[in-house]
Amino acid sequence: VKGYYDQVEKKIVIRSGMGEAQSLKTAIHELSHAILHDRDTGDRTSGLVDRATKEVEAESVAYTVCQHFGIDTSDYSFGYVAGWSRDRELSDFKASLNMIQKTAGRLIDEIQKKLKEREPLENLVQRTAEKLSAEACFSKEQENIHRRCR
């Protein structure tokens, strides 16, 4: 088990010691369970789905979101989805496609918003670095730096 969503405490638990990409993918997988499958608030509360469908939906959302941001999880995700899809027809999962697309789009939008909120901080860091670099270039005590900066 790489992680799980606790429906009682409404929290996501991720196993430590995994690589960065796997940890991120697992967090998105479990967040997908929270969004789609929480028994109280999930998007799927109106229709009961079996565990295999839940796992395919959560992993497909995680794969889609990670791919959007350039993180390739196909080595793990394809096998995971294939394992949970065993002995099932494609038509069994057609109803899930809309949920997967909607949830992945929602998560991508939210992540992009958060990344844009960070942009002013990144600009501040860049301006500060440029200012410090310029100050070092014009320092009388460090003429060798002054020459390098020109």
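To keep things clear, this report deals only with the structure shown in the data block. Treat the numbers as computed from the prediction; the structure is a model and nothing was measured.

1. Structural notes on the nonpolar core
And then number 1: By size, the foremost hydrophobic cluster in this structure holds 12 residues: Ile28, Ile35, Leu36, Val61, Ala62, Val65, Cys66, Met99, Ile100, Ala104, Leu107 and Ile108.
And then number 2: Elements supplying a minimum of two residues to this core: helix 1 (20–37), helix 2 (51–68) and helix 4 (90–137).
And then number 3: Per-element tally for this core: the top contributor is helix 4, with 5 residues.
And then number 4: Once you skip the residues sitting within four places of it in the chain, Leu36 turns out to touch Gly42, Asp43, Arg44, Glu57, Val61, Met99 and Thr103.

2. Topic: helix 1
And then number 1: Here helix 1 spans 25 Å end to end across 18 residues, near enough to the 26 Å set by a 1.5 Å rise per residue.
And then number 2: Every buried residue belonging to helix 1 is among Gln22, Lys25, Thr26, Ile28, His29, Glu30, Ser32, His33, Ala34, Ile35, Leu36 and His37, and all of these are buried.

3. A word on the environment of Glu57
And then number 1: Mapping Glu57 onto the fold places it in helix 2.
And then number 2: In the structure, Glu57 is positioned 21 residues away from Leu36 in sequence and 8.4 Å away in space, judged by C-alpha atoms.
And then number 3: With sequence-adjacent residues up to four places away left out, Glu57 is seen in contact with Leu36, His37, Arg44, Ser96, Met99 and Ile100.
And then number 4: Separated by 2.7 Å, the side chains of Glu57 and His37 make a polar contact.

4. So, unusual backbone geometry
And then number 1: Positive phi, close to 55°, is recorded for Lys10, a residue that is not glycine.
And then number 2: Positionally, Lys10 belongs in the loop between strand 1 (3–6) and strand 2 (11–14).
And then number 3: Judged by relative accessible area, Lys10 falls into the partly exposed class, the value being 37%.
And then number 4: The residue Asp87 is not glycine, and still its phi comes out positive at about 65°.
And then number 5: Within the element layout of this structure, Asp87 appears in the loop between helix 3 (74–85) and helix 4.

So, how was this worked out
Residues numbered from 1 in each chain as written. Predicted model: local features only at pLDDT ≥ 70, side-chain atom pairs only at ≥ 80, totals over all residues. Heavy atoms only, no water. Core = buried A, V, L, I, M, F, W, Y, C linked by side-chain atoms within 4.5 Å. Buried < 20%, exposed > 50% of the residue type's maximum accessible area, 1.4 Å probe, protein only. Helix = DSSP H or I, 4+ residues; strand = E, 2+ residues; numbered from the N terminus. Contact = heavy atoms within 4.5 Å. Expected span 1.5 Å × (residues − 1). Polar contact = N/O pair within 3.5 Å; in protein donor to acceptor, adjacent residues only side chain to side chain.

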